[in-house]
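Structural characterization, general
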Amino acid sequence: RRLDDELEGEMLAHLELAERDAMAAGLSPEDARRQARRQFGAPLRIREAHRDARSVRWVETTMRDVRHALTALRRDAGFAFVAIGLLALGIGVNAAMFGLLDALLLKPLPFDRPDRIVRLWETPDAESRNSTTTLNFLDWKRLGTSFSAMSVERPVDMSLSGDGDPVRLSGLMVSADYFHVFGLRAQYGRTFLPGEDADGAAPVVVLSHAAWRSRFAGDPTVVGRDVILDGVPRTVVGVLAPSTLDRGLVEFWTPIVVPDERRTRDYHWLGVVARLRDDVSLGEAQAHMRGIASGLAPLQPEWKRQWGVAVEPFVQGLVGDDLQRSMYAAFGAVALVLLIAAANLGNLLLTRGLSRSREMGIRAALGATRIRLVRQLLTESVVLCTLGGACGVALAHLLVQAAIPYLPPAVAAYSDVGVDGRVLLFAAGVSCVIALLVGLVPAWHASSSRMLGAMKDGARGSTGRRGRVRRLLVGLEVAMSLVLVVGALLLMRSLARLNDVDLGVRVEGIVTMSADLPLAAYPTGARVDQFATAVVERLNATPGVERAAVSTGVPLLGVREGMAISPIGRPEDVPMRFKRVDPHYFDTLDIPVVAGRGIASSDREGAPIAIVINQTLARALNRAASVAEPVGQTFRMFVPTYEGSGVERDVSVVGIIRDERTGEPQSVEAPVAYGALAQSPRRELKLVVRTSGDPAMVMNSIRATVKDVEPRVALGDVRTMEEVRALSLTSARQPTWVIGAFAVLATVLAGLGLYGVLAHAVAQERRSLGIRLALGARPRDVGAGVVRQSLLIVAGGVAVGAVAVTLLARLVQSLLFGVSPLDPIALAIAGTSTLTLGAIAAAIPALRAARVDPSIVLRGEN
């Protein structure tokens, strides 16, 4: 307004000076005023030119276009609803998947300078990673000048006692520097002080924020009080500030106190984390640790003097290869869904552009240039994609929150998963790209001179070129949906093969649970043996229980303890896993003994150490050490003790069992040796109970029986073997259902797109169809022509999709088990179902085409 006022003053001044000059030349005041105004020009044009020169006019024009776009969408609410829904679906699932992928693989961990946090491993070879020993850690900490802090960690479950029944908590035993490694701070109290992890120090504990709120009602006065964990009073010295760890992976931390018997170099039980110094790179730290390992080699047992040390980024160990492959496969699937949704939107905009051709013709007749029309239509696409992107972000938030419980616990705890600024930026970028991809071509078509001719009364229908574009888009939708359908079918067939894998055990009626015994109440292995014997006897007498057993592991969930076995006096070491079981384990799970005997009640402390091996270990001994008949022979093996150390002992192989599937069904069965629990006891136990009916019906009786034997034990991980089996298939089941769901969604979108093209084609060709029928064409032939057109589009899409499947076969190979990526059954089913979809999509348009009334069409009536 100020600039307008100044311009008005200048114009008046110019006019006044021109009038004075004219009057000085002898003109009358009226003639002088008329001449001055004629010479000066039109004031309105001058004002507009001045405004254009001094301002950013495109802002005003853009705002006008945006207002017009919103009005147009509000006027065509049905189109707006469908288009925004398509965009929200495509952008939402992609933003959610990007959020998960970004948090797990791309974004730094939510700690102070997470790139400085590393893990240290002992490495038997270039591919293997092993935890370390107590003495090696102490030497690494003393000599590791490349690190500003170094700590050990070991998972532990403890029973929280107090009012009511004990509650089982998951935590970590760590050394004092742990919180410095991760940069964690206490909201109340403090973290551990140096020396609190020394032998004889007062027992203390730090609580997670989530455990403090759920277990202690968020009471700040809990700091300084004692809590009873595994029967031992521990002083709460701090409560951590809220963090991603509150998702439940860790509920408490206690200092790890290493007894003298575990100060060895041959018992690997400690994970090591460290923080690099600011002036040290990862490569320099690796070279430094190699030098330390070389210097310590003479102190190592002879069998591990060639081992090395690896320094790896902490994040590298969180996301396994299987999860990474599943994430990339799912991201590819949602990208295809987005492309299909974009193709459908493009078809909608092409159709809408045709319906607005008269409007565009009128605007062109009033002086709008083609660029101005394209800009207006493109602005409408941008507004549409912006609204769809906003709805997609809301959907992405819901999807991410729903996915968090299904992530591995360590991943969920250490990764900052959620919809943040990076996800919003991704969604905005996708929205802009879609707006340009699907908006530019329809806008250019709608503003073409041929379409503007639709202003004339006789102009009808879409051009052949536009129809070809729409059919091409639908063919690409069919091709992309075929890729997803084939992928889903392959994963489903792979999952079916995994379900058919022989587990080596009978899972029906079995329930398993964890029972971690408190150290204070069970200071010796003999006490553990007494508990195991008593609880099995009591459970066997419980109504509804057929048999019960105790072990250190259950089928399908892996065997953590790894060691080696070798023939007496020979150097051939055979790597294996070690599992401790009681005499009832094999009978309870119906695992047959194929040679010799199983673990017996006579295999107790003081008797010769007996082991039973599985068939895989028997074959490995024969292959590596030429031991064809291991039963009855004596071997040399590292036997762990109750205190946590171990000694090399002579062991006798007393039997061979049929392979029990100890790991995931898709994994290669490991060689396993089974030792007697009484000869190698451990406090962390698993109860395996076979029931005569539904396990859920007798769980209360099982809990009561265990509580009668040991009231300080809180049972955890209560699962039936059917649930354990389902859990072991998680890595295969999750990508199957995710890609399967997106395949169904993509197929529905492709079908809707095909239906839309055919329905529009029938509507536009209604006059020609009426003429054909009037000239004697049979209605069924007219309908068959529509179906034939549909099948031609689908067949082209299937051909393109088959080529894409062939090119992508190698990418999905790692996700499959027992199925070829070019499985003919999956390809045949996918192709047949897609062609069937084409016939279904054509049914209604074909019926409409066959029912066209020639008399109405030829009279030009609606």
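None of these values were measured; they are calculated from a predicted model.

Conventions and cut-offs
- Residues numbered from 1 in each chain as written.
- Predicted model: local features only at pLDDT ≥ 70, side-chain atom pairs only at ≥ 80, totals over all residues.
- Heavy atoms only, no water.
- 1 Å grid on protein atoms, 1.4 Å probe; cavity = no way out; pocket = protein on both sides within 12 Å on 5 of 7 lines; lining within 4 Å.
- Points joined across faces, edges and corners; volume = space filled by probe spheres on them.
- Helix = DSSP H or I, 4+ residues; strand = E, 2+ residues; numbered from the N terminus.
- Nonpolar A, V, L, I, M, F, W, Y, C, P; charged D, E, K, R; others polar.
- Salt bridge = Lys/Arg side-chain N within 4 Å of Asp/Glu carboxyl O.
- Patch = residues over 30% accessible without salt bridge, like charges linked within 9 Å, V, L, I, M, F, W, Y side chains within 5 Å.
- Areas by Shrake-Rupley, 256 points an atom, 1.4 Å probe, with all protein chains shown as cover.
- Buried < 20%, exposed > 50% of the residue type's maximum accessible area, 1.4 Å probe, protein only.
- Axes fitted to C-alpha atoms, helices over the stretch in contact; angles between N-to-C directions.
- Parallel < 35°, antiparallel > 145°, perpendicular 65-115°, else oblique.
- Left-handed = near helix turned anticlockwise from the far one by under 90°.
- Contact = heavy atoms within 4.5 Å.
- Polar contact = N/O pair within 3.5 Å; in protein donor to acceptor, adjacent residues only side chain to side chain.
- Phe/Tyr/Trp six-rings, centres within 6.5 Å; stacked < 30°, edge-to-face > 60°.
- Lys NZ or Arg CZ within 6 Å of the ring centre and 35° of its normal.

Take empty space enclosed by the protein next. Tallied over the entire structure, the rule returns four cavities of 30 Å³ or more. The calculated volume of the second largest cavity comes to roughly 90 Å³. Forming the walls of the second largest cavity are Glu122, Asn136, Trp140, Ala293, Leu296, Ala297, Gln300, Lys304, Arg305, Trp307, Gly308 and Val309. When contributions to the lining of the second largest cavity are tallied by element, the ones reaching two or more residues are α6 (134-143), α9 (282-296) and β10 (308-313). Grouping the amino acids of the lining of the second largest cavity by side-chain chemistry returns six nonpolar, three polar and three charged.

To continue, consider the pattern of salt bridges. Scanning the model with the defined rule gives 38 salt bridges in all. Taking the shortest distance from any N to any O, the salt bridge between Asp115 and Arg116 comes out at 3.9 Å. Shared partners join several salt bridges into a network, and the residues in it are Asp157, Arg168, Asp516, Lys686 and Asp717.

For the rest of this paragraph, the subject is a nonpolar patch on the surface. A contiguous nonpolar surface patch, about 420 Å² in accessible area, is contributed by Val803, Leu807, Leu808 and Leu811. As for its placement among the helices and strands, Leu807 is situated in helix α24 (residues 779-812). The class of Leu807 is exposed, set by a relative accessible area of 67%.

It is the contact of helix α5 (residues 77-106) with helix α12 (residues 370-403), at a shortest axis distance of 6 Å, that shows an interaxial angle of 45°. In terms of axis orientation, α5 runs oblique to α12. Note on packing geometry: the crossing formed by α5 with α12 is right-handed. Side by side, α5 and α12 meet where Phe79, Ala83, Ile84, Leu87, Ala88, Leu89, Ile91, Gly92, Val93, Ala95, Ala96 and Leu100 of the first sit next to Leu384, Cys385, Leu387, Gly388, Gly389, Cys391, Gly392, Leu395, Ala396, Leu399, Val400 and Ala403 of the second. By residue class, the composition of the contact of α5 with α12 is 20 nonpolar, four polar and no charged.

What follows deals with the environment of His268. Its location among the elements puts His268 in the loop between β8 (252-255) and β9 (271-276). For His268, a relative accessible area of 18% translates into the label buried. Sequence spacing of His268 and Glu561 is 293 residues, and the spatial spacing of their C-alpha atoms is 9.1 Å. Every residue in contact with His268, bar those within four places of it in the chain, is listed here: Glu122, Asn130, Ser131, Thr132, Thr133, Trp303, Lys304 and Trp307. Reaching out from His268, the side chain makes a polar contact with the side chain of Lys304 at a distance of 2.8 Å.

The subject of this paragraph is the packing of helix α22 (residues 730-764) against α24. Packing of α22 against α24 leaves a shortest axis separation of 11 Å and a crossing angle of 140°. Crossing of α22 against α24: the hand is right-handed. Facing Leu754, Leu758 and Val762 of α22, the residues of α24 in contact are Val786, Gln789, Ser790, Ile793 and Val794. The class makeup of the residues in the contact of α22 with α24 is six nonpolar, two polar and no charged.

With that out of the way, let us pick up the packing of aromatic side chains. Enumeration over the complete set of coordinates arrives at twelve aromatic pairs. When the centroid spacing of 4.9 Å and the interplanar angle of 45° are considered together, the rings of Tyr178 and Phe182 count as tilted. Residue Tyr178 and its partner Phe182 are located together in helix α7 (residues 178-182), separated by four residues, close to a single helical turn. Look at Tyr178 and you get buried, because its relative accessible area is 0%. Given a relative accessible area of 0%, Phe182 falls into the buried group. Taking the centre distance of 5.4 Å and the plane angle of 70° together, the rings of Phe179 and Phe192 count as edge-to-face. Of the two residues, Phe179 sits in helix α7 while Phe192 sits in the loop between β4 (186-189) and β5 (204-207), which places them 13 residues apart along the sequence. Here a set of aromatic residues connected by ring pairs shows up, and it is made of Phe111, Tyr178, Phe179, Phe182, Phe192, Trp253 and Phe314. Here the basic side chain of Arg527 rests over the ring of Tyr522, its NZ or CZ set 4.6 Å away from the ring centre.

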